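Here is what each chain is made of, one letter per residue.
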Amino acid sequence: MPAALVALAMTVPLFYLVIRAAGASPAAWSWLLRLQTLQIIGQSIGLALAVMLSAVIIGLPTAWLVTRTNLPGKTLWAALLPLPLVIPSYVSAYLFVSLFAPRGLLQNLLEGWLGIERLPSIYGFWGAWLVLTLMTYPYVFLAVRAGLIRTDRSLEEAARSLGYSAWKTFWKVTLSQLRPALAASSLLVGLYVLRDFGAVSILRFTTFTRAIYLQYQSSIDRSAAALLSLVLVLITIGFLVGEQRIRRSSAEQPYTAVHPAPPVDLGHWRVAAIVIIIGVLLGALILPAGVLFYWLVRGLAAGEQLSGWLRPLTGSLTASGLAAVITVIAALPASLLSVRRPGFFSQLIEKWSYLGYAVPGVVIALSLVFLGANYLPLMYQTLFMLLLAYGILFLPQAVGNLQAVLRQVQPSLEEAAASLGHSPLRVFQRITLPLVMPGASAAAALVFLTAMKELPATLLLAPTGFSTLATQVWGAVSEAYFARAALPALILILVSSISILLINHHTSDEGSAQRT
Amino acid sequence: MNDNLIECCQLEKCFSSQPAVSGLNLELRDGEILALVGPSGCGKTTTLRLIAGFERPDRGEIWMQGRPLSNEDTFVPPEKRQIGVVFQDYAIFPHLSVAENVAFGLHKKSPAQVKQRVAEMLELVGLSGLAKRMPHQLSGGERQRVALARALAPQPKVLLLDEPFSSLDMDLRLKLREEVRWLLKNLHLTALFVTHDQEEALYMGDRLAVMNQGHVQQADSPERIFSHPANRFVAEFMGNANLLPGQVVEQGIETEIGLIPQRVALPFGSSVELAVRADDLGFDLHGETNGVILSRIFKGVLNVYQIRLTSGLVLEAFQPHYRMFPEGQAVRIFADAGHELACFYNGVAITADEYHLDRVTKA
């Protein structure tokens, strides 16, 4: 029963969105079909495809280099290359904008030295493409690396013994083995781009999420935003279904490497390989870190007030802390049900969990805005609405984690307790709960950390005057107070690093898209 | 004219300064199945990989039909060797269908030829109906056959098989090895068969090469290896023999279970060891006893007795299924071989004097 309630709470906003969209005025419908809207769709998909392609171009060769060759310092590169994952997209966008923008760091430097007054603009497609590529290539890198590690040497040796040269073997066998990993991870990249709000907004490239936000802010007829949201959700679901299909079909090949392949000797190409890897790291890691450090020092030197970020910090801690507790408590019945009594209903919850990965935060937020403004005026503009949004967004993640923990608790333990005369409630209290407690706290910590990074829902739903670290970064960047954003950005990067460490510790979960 | 198809001379290969193969000499004769057998870690798989060209030897030479495959200056890559390999895990390409897997090595042929050859090969291994299946839809035995068909399709000069039956269950294993042997013999193929299972080696091999610690201990016919092991390792590994210590005396070899009237070309008083199999030993309850029954295992047609000698040495002896004795029974054990026993001096076989091949009987 509690599970059903939770499921209901999660689905209502989306249904409401559908109803709202269905009742949209003819004007809104015609707006949807306007050239400008088609352009938004084209730009979103175009950006997603471009980033997918470039993420593969960076992720595939770097993964091969650090996994299958005799490149010096492989372990170091392998540890550094996935690190851009820990930078929230809007933080990265902020750092690039603060470097390249007309009043940014580089412009000031170049003006002083060389008298260059105009840089190519960072705003628009190219900026968004660059920043998102550097953010997302780790998805491809990690998937390809895992795939390469999994491939046994015997497959490639079989091809060699059948008359294929080393180079042809790479194309016909090695790459073919990686195809599922490449396809799934690049769809994940596409999903990331389509859901992303922060980076495209800061870089002023109008994709769905930014258009929805602008539409919501500016117009009185918000049905248009609802319509746009639905179109976006349909596209993201398409991506997610594709990703899941590939994942499932490739799971049918139970290949594990007994003997890993021997490293390829790069010879003189080693130098070129290291230059490529350092180049990638320079753009994705070193440059952003340097810029962040610069603003941090400058902010402190300019006497940026500590009290200025104390309030957003407490705001973040409160909202994320409450969200973590509420979400995990809400996730517990659903996870118990799906693990202990698999059936139609529990499958439904599971399906919905996947769906949750597809729905962008800005869409959830928007639907809650509608719902709150029309039916729950008392709750609207309170922390409750924000917590509800967090709950909906992060429930799938919590359910996934809890399911993994629950699967490790053997039913026989509970049965043993029951046979010793304990009521179901007491069995839960004495056996199940203590056993899942460590896992549940890890799940809560993960929700906590993820909620801290969340931007669009917080932006739309936070009560007036309530700010968090994420909104603080956003606000400071919109007003070009770059130094003011540095400290919250640093805290967010730390928070994000911890959450990724946690995810890696709990790889036992379904391993689907990681929310960022 | 040399009828060796492949010759390995003084091969050496180290992995992180641990020698996997050292001083290895091996020849593979035209048309034979050579079973390379030894305990795990003895270097047999490394030997196979050196011949296939997956590894380059640190030292030594490999020749094929008088041409060098590998020496100081030459290293022919695996794709140029025309050597087929059946892998332990089969290494079927998971993204290709059965037919595509078999066709993989036929990339220099026309589509019509490929089609015909694939059909032939699938027919040969009995998988004609499964051409369009994907590997994950196949059973273990079917995968094995695909691997075999794929390796045979390009008509290699030699086929190397690396423990090809080790991941199958017992029934299937016996059936498949029969099939594979029949197939190889029918096609007059030269094959190197690597296994750790002595029984499988005896069944599959026209000749056996027993390996230990990186080199070949003995290469011979199965019968010779069984009856004339070159050293203690071969005797123990191939025959589950008891090793009975003894002293050379004038009349033969004096052991704890009596005098074995078998002469060896060694000075009197030398310490040797005799390989006595369980079927070479008998016991009864007459006379002075020299051992006690520790246990009896009933194996249907016979009883296997473990008997502890006064010295503490434990020997295994067979008795017919109707001869039952209780545990703890004191017995008199004696050699009853009816053939010369293999005799080792410092672990190496010593041949007996030719003229003294008397029946070895109770002393």
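Residues numbered from 1 in each chain as written. Chains lettered and ligands numbered in written order. Predicted model: local features only at pLDDT ≥ 70, side-chain atom pairs only at ≥ 80, totals over all residues.

### A look at the overall build of chain B
Put simply, the test is: Only runs of H or I of at least four residues qualify as helices and only runs of E of at least two qualify as strands under DSSP, and these elements are numbered from the N terminus. In this scheme every C-beta is placed from the backbone, and a residue whose C-beta has 20 or more other C-beta atoms within 10 Å is buried, one with 12 or fewer is exposed, and one in between is partly exposed. Here contacts are defined at the residue level, using C-beta atoms placed from the backbone and a cut-off of 7 Å between them.
Within chain B, the regular secondary structure consists of eight helices and 21 strands. Burial statistics for chain B: of 363 residues in total, 40% are counted as buried. Partitioning the intrachain contacts of chain B with sequence separation of at least 6 by distance along the chain shows that 63% fall at a separation of at least 24.

### Quick notes on the overall build of chain A
Looking only at helices and strands, chain A features 22 helices and zero strands. The proportion of buried residues among the 516 residues of chain A is 47%. For chain A, the proportion of contacts with a sequence separation of at least 24, taken over those separated by at least 6, is 83%.

### Digging into the interface of chain A and chain B
Contacts between the two partners involve 20 residues from chain A and, on the opposite side, 18 residues from chain B. For the side of chain A that touches chain B, the secondary-structure elements that each account for two or more residues are α8 (153-161) and α9 (166-195) of chain A. Examining the composition of the side of chain A that touches chain B, we find that seven residues originate from one element, α8 of chain A, more than from any other.

### Here's the deal with the sheet that holds strand β8 (residues 190-195) of chain B
Residues and elements named next belong to chain B. Counted only if it meets this: Whether two strands pair comes down to DSSP finding at least two bridges between them. Each axis is a line fitted through C-alpha atoms, taken for helices only over the stretch in contact, and angles between the N-to-C directions span 0 to 180 degrees.
Strand order across the open sheet formed by six strands is β6-β7-β8-β3-β9-β10, with mixed pairing between neighbours. Only two strands of the sheet have a single partner each, and these edge strands are β6 (83-86) and β10 (215-220). Within this sheet the neighbouring strands show an average axis-to-axis angle of 20 degrees, counted without direction. Sheet contacts for helix α8 (residues 232-239): β9 (207-212) and β10; angle to β9, the most-contacted strand, approximately 115 degrees.

### Thoughts on the pairing of strand β18 (residues 314-320) of chain B
All names here are of chain B. Pairing geometry for strand β17 (residues 302-309) and β18, over seven bridges, is antiparallel. Opposite Tyr305, over in β18, you have Ala317 as the bridge partner. Between β17 and β18, which follow one another and run antiparallel, lie four residues, and Gly312 among them has a positive phi close to 105 degrees.

### So, the sheet that holds strand β16 (residues 291-298) of chain B
Residues and elements named next belong to chain B. Spatially, β15-β19-β16-β17-β18 is the arrangement adopted by the five strands of the open sheet, whose pairing is antiparallel. A strand with exactly one partner marks an edge of an open sheet, and here the two such strands are β15 (281-284) and β18. The sheet shows a mean angle of 45 degrees between the axes of neighbouring strands, direction not considered. Of the strand pairs in this sheet, β16 and β17 are connected by seven bridges, and their pairing is antiparallel.

### As for the confidence of the model for chain B
Residues and elements named next belong to chain B. Spelled out, the test is: Confidence scores labelled pLDDT are given residue by residue by the predictor and lie between 0 and 100.
Overall, the prediction assigns chain B a mean pLDDT of 88, with 96% of residues at 70 or greater. Looking across chain B, the model is least confident in strand β21 (residues 348-350), with a mean pLDDT of 84, and most confident in strand β3 (residues 33-37), with 96. Interface confidence for the predicted complex, expressed as ipTM, amounts to 0.73; the pTM equals 0.77.

### Side note on the domain arrangement of chain B
Residues and elements named next belong to chain B. Rules: Residue ranges for the domains originate in an automatic or database domain assignment. Lys, Arg, Asp and Glu make up the charged group, whereas Ala, Val, Leu, Ile, Met, Phe, Trp, Tyr, Cys and Pro make up the nonpolar group; the residues left over, Gly among them, are polar.
Its domain assignment divides chain B into domain 1 (4-234) and domain 2 (241-350). Measuring from the centre of the C-alpha atoms in domain 1 to the corresponding centre in domain 2 gives 39 Å. With five residues of domain 1 at the contact, the number on the domain 2 side is eight residues. Of the residues that constitute the side of domain 1 that touches domain 2, the class distribution is two nonpolar, two polar and one charged.

### A word on the nonpolar core
Defined as follows: In these notes, a nonpolar core means any group of buried Ala, Val, Leu, Ile, Met, Phe, Trp, Tyr and Cys residues linked to one another through C-beta atoms within 7 Å.
Grouped together as the largest cluster of nonpolar side chains are 149 residues, with contacts concentrated most on Tyr94, Val140, Ala389, Val447 and Val473 of chain A. Sort the elements by how many residues they give to this core and helix α17 (residues 383-407) of chain A lands first, with 16 residues. By size, the runner-up hydrophobic cluster in this structure holds 101 residues, among which are Leu69, Met211, Ile257 and Ala335 of chain B.

### Focus: the packing of helix α5 (residues 89-100) of chain A against helix α21 (residues 469-478) of chain A
All names here are of chain A. Cut-off, in case you're wondering: In what follows, roughly perpendicular refers to angles from 65 to 115 degrees, roughly parallel to angles under 35, roughly antiparallel to angles over 145, and oblique to any angle outside these ranges. For any helix crossing, the convention is left-handed if the near helix is rotated counterclockwise from the far helix by under a right angle, and right-handed if that rotation is clockwise.
Contact geometry of α5 with α21 gives a least axis separation of 10 Å together with a crossing angle of 25 degrees. In terms of their interaxial angle, α5 and α21 are classed as roughly parallel. Here the hand of the crossing between α5 and α21 comes out left-handed. Contact with α5, carried on its side by Tyr90, Val91, Tyr94 and Val97, involves Val473, Trp474 and Val477 of α21 and no other residues of that element. By residue class, the composition of the contact of α5 with α21 is seven nonpolar, no polar and no charged.

### Comments concerning unusual backbone geometry
All names here are of chain B. The phi angle at Gln82 is positive, at roughly 55 degrees, despite the residue not being glycine. Summarising the element assignment, Gln82 is placed in the loop between β5 (67-70) and β6. For Asn346, which is not glycine, the phi dihedral falls at a positive 55 degrees. Secondary-structure assignment places Asn346 in the loop between β20 (342-345) and β21.

### Considerations on the environment of Ala101 of chain A
Residues and elements named next belong to chain A. By secondary structure assignment, the location of Ala101 is in the loop between α5 and α6 (105-114). Given 22 C-beta atoms within a 10 Å radius, Ala101 is considered buried. A sequence separation of 19 residues divides Ala101 from Pro120, and the C-alpha atoms of the two residues are 9.1 Å apart.

### Topic: the environment of Arg222 of chain A
All names here are of chain A. Among the secondary structure elements, Arg222 is positioned in the loop between α11 (208-218) and α12 (223-251). Exposure remark for Arg222: the 20 C-beta atoms within 10 Å place this residue in the buried category. In the structure, Arg222 is positioned 202 residues away from Arg20 in sequence and 9.1 Å away in space, judged by C-alpha atoms. When neighbours within four sequence positions are excluded, Arg222 is seen to be in contact with Tyr216 and Phe370.

### Describing the confidence of the model for chain A
Residue and element names in this part refer to chain A. Confidence in the prediction for chain A averages 82 pLDDT; 87% of positions are at 70 or higher. For chain A, the element scoring lowest by mean pLDDT is helix α15 (residues 344-358), at 68; helix α3 (residues 35-68) scores highest, at 92. Contacts for the low-pLDDT stretch residues 507-516, under 50 throughout, to residues beyond four places or in other chains number 17 contacts.

### Thoughts on α9 of chain A
What counts, and what does not: Here the expected span of a helix is defined as 1.5 Å times the quantity of residues minus one. Fitting axes to the seven residues that end at a residue and to the seven that start at it, the angle between those axes gives the bend at that residue.
Between the first and last C-alpha of α9 of chain A there are 40 Å, a value that for 30 residues agrees with the 44 Å anticipated at 1.5 Å per step. Largest kink in α9 of chain A: about 40 degrees, centred on Arg179 of chain A, with the proline Pro180 of chain A one to four residues after it.

### Notes on the environment of Pro438 of chain A
With respect to the element layout, Pro438 of chain A can be found in helix α19 (residues 424-453). Sequence-wise, Pro438 of chain A and Val405 of chain A are 33 residues apart; in three dimensions their C-alpha atoms are separated by 8.8 Å.

### Some remarks on the pairing of strand β1 (residues 4-15) of chain B
Residue and element names in this part refer to chain B. Inspection of the sheet shows β1 paired to strand β2 (residues 18-29) by eight bridges, in the antiparallel sense. Its bridge partner lying in β2, Ile6 is registered against Leu28. Following β1, the chain reverses through two residues before pairing antiparallel with β2; Ser16 in that reversal takes a positive phi of roughly 40 degrees.

### Looking at the packing of helix α3 (residues 111-125) of chain B against helix α4 (residues 140-152) of chain B
Residue and element names in this part refer to chain B. Their axes nearest at 9 Å, the elements α3 and α4 cross at an angle of 135 degrees. Classified by the angle between their axes, α3 and α4 sit oblique to one another. The two elements α3 and α4 cross, and the hand of that crossing is right-handed. Facing Met121, Leu122, Leu124 and Val125 of α3, the residues of α4 in contact are Arg145, Leu148, Ala149 and Leu152. Broken down by class, the residue content of the contact of α3 with α4 amounts to seven nonpolar, no polar and one charged.

### Some words on α17 of chain A
All names here are of chain A. Compared with the 36 Å implied by 1.5 Å per residue over 25 residues, the 34 Å span of α17 between its first and last C-alpha is a close match. Its maximal kink placed at Phe394, α17 deviates by approximately 50 degrees, while the proline Pro396 follows within four residues. Within α17, 22 of the 25 residues are buried, leaving the element largely enclosed by the surrounding structure.

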